[in-house]
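Examination of the molecular architecture
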Amino acid sequence: METNAALLELCPEPLDKDVPDHRQHPAQVRLAPLTHPHPHPHDRPDFLSTPVPIFVVPMDSAPPGGSGSALSPDSCLGLNGHSRATLDGASRSWLLARLPARVSTAMATATHWELYGTRGLLVVACGEDARQMGFSVESVRPESSAPHTPCEVLTAHESRIAAGRPAAERERLITRFWVRKDAAMQAVGRGLSVAPDRIEAGFPTDHGTVTVPCPYGIEVPVSVRNFTFSPSYEFAVATPEPLSLTPSFAYSVR
């Protein structure tokens, strides 16, 4: 499991010093993504978008001092999919008291936030604009472990791509395709109501458009982008087109 230090070593860029306040002049903030994805038609010098603050919070392998009151790697799984509205006041207070001060302060002042977690990692998306986005994060199992993401989530095209990769790369690629689909379905409010193998997400770059089937024959195009902050995880962010919302990342350190 990646520790805080290991995650930060993989990020050569300086950490964001401050999370931009998207309530103040949202259309005038130019973002510098943590990674440098492949060019996209919208990626032009005059393109401005609204930032959505996102905290990436790695959990240590054991609670500090052996206390059972702190968040542990397994706690992240139980928090996945929760939002400010789905946790009662006591649960929110318990969580905020156990997160780094920078994260808990942003959450306490935000009118809305959402949680996405896998073992050892918690992602927090703050602000009302997070409602219009989809997020998905999954850990990537070592080659020696049993497959984490079932191949049944893949289309025929994606299956051919995965089959042509070395075994050491296959699990990561399948997990990458899965988080793209999961994030896209969440972005349009479909959850897991659509069979993943009906959604094509096998584009070769870090950024592409995924089409999500909806009721009455409607298909919704969703912009999906992968962000890599550790070889141990795959993370995707999705936004229905043509909305202009961009994640503004802030790594958290204890």
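Residues numbered from 1 in each chain as written. Predicted model: local features only at pLDDT ≥ 70, side-chain atom pairs only at ≥ 80, totals over all residues. Heavy atoms only, no water.

Focus on the overall build of the protein
Rules: A run of H or I in DSSP counts as a helix once it spans at least four residues, and a run of E counts as a strand once it spans at least two, with each numbered from the N terminus. The rule is simple: take the accessible area with a 1.4 Å probe, protein chains only, and divide by the maximum for that residue type; under 20% is buried, over 50% is exposed, in between is partly exposed. We call two residues in contact whenever any of their non-hydrogen atoms come within 4.5 Å of each other. Computed with the Shrake-Rupley method and a 1.4 Å probe, the accessible areas treat only the protein chains shown as cover for residues.
Assigned secondary structure in the protein consists of six helices and eight strands. In sequence order, the secondary structure elements of the protein are arranged as α-β-α-α-α-β-β-β-α-α-β-β-β-β. In the protein, which comprises 254 residues, the share counted as buried stands at 47%. Summarising the internal contacts of the protein: among those between residues at least 6 apart in sequence, 62% fall at separations of at least 24. Accessible area of the protein: about 12,300 Å², with a carbon and sulfur share of 54%.

As for the environment of Val57
Within the secondary structure, Val57 is located in strand β1 (residues 50-58). In this structure the C-alpha to C-alpha distance between Val57 and Leu122, which are 65 residues apart in sequence, comes to 5.1 Å.

Concerning the confidence of the model for the protein
For the record, the criterion: Confidence per residue, as judged by the predictor, is encoded in pLDDT with a range of 0 to 100.
For the protein, per-residue confidence averages 75 on the pLDDT scale, and residues scoring 70 or more make up 70% of the total. pLDDT under 50 marks residues 1-48. Its contacts with residues more than four places away, or in other chains, come to 81 contacts. Scored below 50 in pLDDT, residues 61-68 makes four contacts in the model with residues more than four places away or belonging to other chains.

Regarding the packing of aromatic side chains
Keep this limit in mind: In summary, the pairing rule links any two rings of Phe, Tyr or Trp, Trp by its six-membered ring, whose centres are within 6.5 Å, and it sorts them by plane angle into stacked for under 30 degrees, edge-to-face for over 60 and tilted for everything else. The rule is short: NZ of Lys or CZ of Arg within 6 Å of the ring centre and within 35 degrees of the ring normal puts a charge over the ring.
In the structure shown here, the tally under the stated rule is one aromatic pair. Taking the centre distance of 5.1 Å and the plane angle of 45° together, the rings of Tyr116 and Phe135 count as tilted. You can see Tyr116 sitting in strand β2 (residues 113-118) and its partner Phe135 sitting in strand β4 (residues 134-139), a full 19 residues away along the chain. Of note, Arg180 hangs over the ring of Phe203, and the distance from its end group to the ring centre comes to 3.8 Å.

Examining the packing of helix α5 (residues 156-163) against helix α6 (residues 167-187)
Short version of the rule: Angular values range over 0 to 180 degrees, each being the angle between N-to-C directions of two axes fitted as lines to C-alpha atoms, with helices fitted over their stretch in contact. The labels follow the angle: roughly parallel below 35 degrees, roughly antiparallel above 145, roughly perpendicular from 65 to 115, and oblique for the rest. Each helix crossing is assigned a hand: it is left-handed if the near helix lies turned anticlockwise from the far helix by less than a right angle, otherwise right-handed if that turn is clockwise.
It is the contact of α5 with α6, at a shortest axis distance of 9 Å, that shows an interaxial angle of 155°. Taken together, α5 and α6 sit at an angle that is classed as roughly antiparallel. Between α5 and α6 the crossing geometry is right-handed. Facing α5, whose interface residues are Glu158, Ile161, Ala162 and Ala163, α6 presents Arg170, Leu173, Ile174, Phe177 and Lys181.

Quick word on the pairing of strand β6 (residues 219-227)
For the record, the criterion: Only strands that DSSP links by at least two bridges are regarded as paired with each other.
Taken together, the seven bridges between strand β5 (residues 207-213) and β6 define a ladder with antiparallel strand orientation. Within β6, the position partnered with Gly208 by the bridge is Val224. The hairpin formed by β5 and β6 contains five residues between the paired strands, and Tyr216 there has a positive phi angle of roughly 65°. Here β6 pairs with strand β7 (residues 233-240) via six bridges, running antiparallel. In the strand pairing of β7, Val224 is matched with Ala238. Between β6 and β7, which pair antiparallel in sequence order, lie five residues.

Quick notes on α6
So the rule is basically this: Expected span of a helix: the number of residues minus one, times 1.5 Å.
With 21 residues, α6 extends 31 Å from end C-alpha to end C-alpha; this agrees with the ideal 30 Å at 1.5 Å per step. Along α6, 15 of the 21 residues are buried, which leaves the element largely enclosed by surrounding structure. Just past α6, the residue Gly189 takes up positive phi, approximately 75°.

Section: the pattern of salt bridges
Heads up, the condition is: Definition used for salt bridges: Asp or Glu carboxyl oxygen within 4 Å of a side-chain nitrogen of Lys or Arg.
Throughout the structure, instances matching the rule amount to six salt bridges. The salt bridge involving Arg165 is made with Glu169; its shortest N-O contact spans 3.6 Å. What makes Glu169 partly exposed here is its relative accessible area of 38%. Of the charged contacts in the structure, one is a salt bridge between Arg172 and Glu234, with a shortest N-O distance of 2.3 Å. Here Arg172 is found in helix α6, whereas its partner Glu234 is found in strand β7, with 62 residues between them in sequence. Look at Glu234 and you get buried, because its relative accessible area is 0%. Members of the salt-bridge network, linked through shared partners, are Arg172, Arg176 and Glu234.

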